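Residue-level structural notes
Listed below are the residues making up each chain.
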Amino acid sequence: MAYADEALQLYRPIIAEQQHFPELGELIYRVGAEPVLRQMASYLAKLSGRGILHITDLETSSRLFLDMLKGDPHFRCLLGLETGLGEPEKQRLISRVVAFFLKGHGYEA
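Residues numbered from 1 in each chain as written. Predicted model: local features only at pLDDT ≥ 70, side-chain atom pairs only at ≥ 80, totals over all residues. Heavy atoms only, no water.

**Some remarks on the packing of aromatic side chains**
Each aromatic ring pair is described using two quantities: the centre-to-centre distance and the angle formed by the ring planes. Applicable threshold: Working definition: a ring pair exists when centres of Phe, Tyr or Trp rings (six-membered ring for Trp) sit within 6.5 Å. Plane angles under 30 degrees give stacked, over 60 give edge-to-face, the rest tilted. Under the DSSP-based scheme used, a helix requires at least four consecutive residues in state H or I and a strand at least two consecutive residues in state E, with every element numbered from the N terminus. We call a residue buried when its accessible area falls under 20% of the maximum for its residue type, exposed when it is over 50%, and partly exposed in between, using a 1.4 Å probe and counting protein chains only.
A full pass over the atoms with the stated rule returns one aromatic pair. The interplanar angle of 70° and the centroid separation of 5.0 Å between the aromatic rings of phenylalanine 65 and phenylalanine 101 together place this pair among those described as edge-to-face. Pair noted here: phenylalanine 65 is in helix H4 (residues 58-78) and phenylalanine 101 is in helix H5 (residues 87-104), with a separation of 36 residues, a long-range link. Looking at phenylalanine 101, the relative accessible area reads 5%, which means it is buried.

What follows is the structure, encoded as structure tokens:
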């Protein structure tokens, strides 16, 4: 969803207007990113509890996972340097991030 054209178009004015309306950034974060981070941490806690992954800091691991999915490609899209990611690029990014994340948390297939 972060790479959807509608989402990118929404982020740009929010970032621009946050300086004049500081509560806007807080609101968007509270209803957007926070629930996703909570769900991610909950899911990772289950995997860690079952011994599938070895995670000592659920909050940081959740943030890092989502940050890796966005990172430079998302920033380039926000700046208008790229129009978005096509489906093959999205799938390649997701596959690489998931593989890297799992390896970093001790997953053994």
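**Points about the pattern of salt bridges**
The criterion, for reference: When a carboxyl oxygen of Asp or Glu lies within 4 Å of a side-chain nitrogen of Lys or Arg, that pair is called a salt bridge.
Using the criterion set out here, one finds four salt bridges in the structure. For glutamate 26, the salt bridge goes to arginine 30, with nearest N and O atoms at 3.4 Å. Residue glutamate 26 and its partner arginine 30 are both found in helix H2 (residues 22-31); the two are separated by four residues, about one turn of the helix. Owing to a relative accessible area of 52%, glutamate 26 belongs among the exposed residues under this scheme. The partly exposed category is assigned to arginine 30, whose relative accessible area is 43%.

**Digging into the packing of helix H1 (residues 5-17) against H4**
Here is the rule we go by: Axis definition: a line fit to C-alpha positions, over the contact stretch in the case of helices; interaxial angles, taken between N-to-C directions, run 0 to 180 degrees. Each angle gets one of four labels, with under 35 degrees taken as roughly parallel, over 145 as roughly antiparallel, 65 to 115 as roughly perpendicular, and the rest as oblique. A contact between two residues is defined here by any heavy atoms of the two lying within 4.5 Å. Each residue gets one of three labels, nonpolar for Ala, Val, Leu, Ile, Met, Phe, Trp, Tyr, Cys and Pro, charged for Asp, Glu, Lys and Arg, and polar for the others, Gly among them.
Two elements in contact, H1 and H4, have axes whose closest approach is 10 Å; the angle formed by their N-to-C orientations is 80°. Overall, the two elements H1 and H4 adopt an arrangement that is roughly perpendicular. Facing H1, whose interface residues are Leu8, Tyr11, Arg12 and Ile15, H4 presents Lys70, His74, Cys77 and Leu78. The residue makeup of the contact of H1 with H4, split by class, is five nonpolar, one polar and two charged.

**With respect to the layout of surface pockets**
Spelled out, the test is: Using protein atoms alone on a 1 Å grid, points that fit a 1.4 Å probe yet trap it form a cavity, whereas open point sets bounded by protein on both sides within 12 Å along at least five of seven lines form a pocket; residues with an atom within 4 Å of a point count as lining. Grid points are joined across faces, edges and corners, and a volume is the space filled by probe spheres set on the points.
Empty space within the largest pocket amounts to approximately 1,000 Å³. For the lining of the largest pocket, the secondary-structure elements that each account for two or more residues are H1, H2, helix H3 (33-49), H4 and H5. Among the elements that line the lining of the largest pocket, the one with the most residues is H4, at seven residues. By residue class, the composition of the lining of the largest pocket is 20 nonpolar, five polar and five charged.

**Focus on a nonpolar patch on the surface**
Definition in use: Patch building starts from residues that exceed 30% relative accessible area and form no salt bridge, then joins like charges within 9 Å and nonpolar side chains (Val, Leu, Ile, Met, Phe, Trp, Tyr) within 5 Å. Per-residue and other accessible areas were derived by the Shrake-Rupley procedure at a 1.4 Å probe size, with only the shown protein chains allowed to occlude residues.
A contiguous nonpolar patch, built from Phe75, Leu79 and Leu81 and spanning about 330 Å² of accessible area, is present on the exposed surface. On the secondary structure map, phenylalanine 75 appears in helix H4.

**Topic: the packing of H3 against H4**
Worth spelling out the cut-off: Handedness of a crossing is defined here by the sense of rotation of the near helix relative to the far one, left-handed for an anticlockwise turn of less than a right angle and right-handed for a clockwise turn.
Between H3 and H4, whose axes approach to 9 Å, the crossing angle comes to 115°. In terms of crossing hand, the pair formed by H3 and H4 is right-handed. Along the contact surface, H3 presents Val36, Leu37, Met40, Ala41, Leu44 and Ala45, while H4 presents Leu58, Ser61, Ser62, Arg63, Phe65 and Leu66. The residue inventory of the contact of H3 with H4, partitioned by class, reads nine nonpolar, two polar and one charged.

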